[in-house]
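Summary of structural features
One letter stands for each residue in the lines below.
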Amino acid sequence: MVNIQNYDKFIVAFSGGKDSIACVLHLLDVGVDKSKIELWHHIVDGKGETLMDWEITEDYCRQFAKAFQIPIYFSWKVGGFAREMLRKNSLTAPTVFETPTGKYQVGGKRGKKSTRLKFPQVSADLSVRWCSAYLKIDVFSLAIRNQKRFTGVKTLVISGERGQESAARARYKAFEPDRANLKNKRIVDRWRPILEWKESKVWITIKRHKVVVHPCYYLGFSRCSCKFCIFGNADQFASANKISPDKSKKLQLYERRFKVTMKRNISLSELIANGSPYKSITQELIQVATSKTYSGKIFIENWVMPAGAFGKSCGPT
Ligand code: SF4
């Protein structure tokens, strides 16, 4: 167990998924002072129109934070996933991050011009699976390195990877110095408190706190990654296609334009045809998950297990 007394600040990498919720609840359960916690969420599609991610995610995260009275700060790469994917002999876009004193923009002026014009590869290798590296990991690093409030204090970054999710995650360390750590200047450690947890423990914890999870779980998704996550299986894509046919069509058009499919050996249209949409999808749930505003509850007395719990999950490794 990490000695929480050693830290001045606690940043939860908050995707809005069940594991990041479990991390927040665990911090509260072990007695971390709420006033020291903040949630950080990286918006995959940036501000504006969504392509890959759930429309509701940003506001669900905001409402969750509000209900728990914990500050949340959003950060994103300008133009998000689409702009990065459509890079043609150009630099990667700047990063914007929110702070207690306002919004700041950094980067995007130096580096190497390059061309992508293809989807990230379905791989554990972050050099080809560029979405995780460019839209999350780098955005986080820029946001913490460019805020003086983290200099001279001890910060613990909490993330919700679980070993049960993949062989790669099972090899992660539960505790280690974070990439943003700068010896004698900025102490930043990484803690993965639920690395050893089984999925059942995550749901038991969420149930005990009576938390309503992200709408995608009620639709039948077992993991709250992007709606069209590159790791998705046939049923996930068939479900996402049913929920957002226009976005699905757009992604299929990109495949034809790039002449490179998202999955190595199968086009999205074939993948969708091979899958079956989840039976739990209803028009009412689609409406909630594809809205930009979350007006549902965060706490509920009569808690029910979402349809997606314990399903076959295919998400980032
Ligand atoms: S959820 Fe999937 S598509 Fe989205 S950023 Fe992560 S790996 Fe990429």
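The preceding data block contains the structure.
Structure report, in brief. This is a predicted model, so every value here is computed, not measured.

Cut-off values and rules
Counting from 1, residues in each chain are numbered in the order their sequence is written. Thresholds applied to this predicted model are a pLDDT of at least 70 for local features of residues and 80 or more for the giving and counting of side-chain atom pairs; totals over whole chains, interfaces and linings are not thresholded and use all residues. Side-chain calculation: all heavy atoms of the structure are included, whereas hydrogens and water are not. Neighbouring residues are identified by heavy atoms, a residue being near a molecule or strand if any of them is within 4 Å of it. All amino acids are sorted into three groups, where Ala, Val, Leu, Ile, Met, Phe, Trp, Tyr, Cys and Pro are nonpolar, Asp, Glu, Lys and Arg are charged, and the leftover types, Gly among them, are polar. At least two bridges found by DSSP between two strands are what make those strands a pair. A run of H or I in DSSP becomes a helix once it reaches four residues, and a run of E becomes a strand once it reaches two; helices and strands are each numbered from the N terminus. Buried residues are those whose accessible area, probed at 1.4 Å on protein chains only, stays under 20% of the maximum for their type, while exposed residues exceed 50% and partly exposed ones sit between those limits. The criterion is simple. A nonpolar core is a set of buried Ala, Val, Leu, Ile, Met, Phe, Trp, Tyr and Cys residues joined through side-chain atoms within 4.5 Å. Contact between two residues is taken to exist if any of their heavy atoms lie within 4.5 Å; hydrogens are not considered. The axes are straight lines fitted to the C-alpha atoms, using for helices just the contacting stretch, and the angles between their N-to-C directions are given from 0 to 180°.

**As for the site of the ligand**
Near the ligand lie nine residues; those nearest to it are Cys131, Lys136, Ser225, Cys226 and Cys229. Residue composition of the shell around the ligand, grouped by class: six nonpolar, two polar and one charged.

**Focus: the pairing of strand E5 (residues 102–106)**
Relative to E5, strand E4 (residues 95–99) runs antiparallel, the two sharing five bridges. When the sheet's bridge partners are listed, valine 96 is paired in E5 with glutamine 105. Taking the residues between adjacent antiparallel strands as the criterion, E4 and E5 are bridged by two residues.

**Comments concerning unusual backbone geometry**
Located in the positive-phi region is glutamine 69, a residue other than glycine, with phi close to 55°. Considering the arrangement of structural elements, one finds glutamine 69 in the loop between helix H2 (57–68) and strand E3 (72–77). Look at glutamine 69 and you get exposed, because its relative accessible area is 65%. A positive phi angle, close to 60°, is found at lysine 210, a residue other than glycine. Residue position: lysine 210 is located in the loop between helix H6 (199–208) and helix H7 (215–219).

**Section: the nonpolar core**
Membership of the largest hydrophobic core comes to 78 residues, with the highest contact counts inside it found for Phe10, Ile21, Leu39, Met52, Phe64, Phe81 and Ile206. Here the element with the most residues in this core is helix H1 (residues 18–29); it accounts for six residues. Here isoleucine 21 is in contact with Phe14, Gly16, Tyr60, Phe64, Ile206, Val211 and Val213, once residues within four sequence places are set aside. Core analysis: the next-biggest nonpolar cluster, separate from the first, contains 12 residues, Trp40, Phe97, Phe140 and Ala143 among them.

**Overview of the sheet that holds strand E8 (residues 187–191)**
Spatial strand order, E5-E4-E3-E2-E1-E6-E8-E7: eight strands in an open sheet with mixed pairing. Looking at the sheet topology across the chains shown, the edges are occupied by E5 and strand E7 (175–177). The average undirected angle you get between the axes of adjacent strands in this sheet is 25°. The sheet contact formed by strand E1 (residues 9–13) and strand E2 (residues 37–42) spans four bridges and is parallel.

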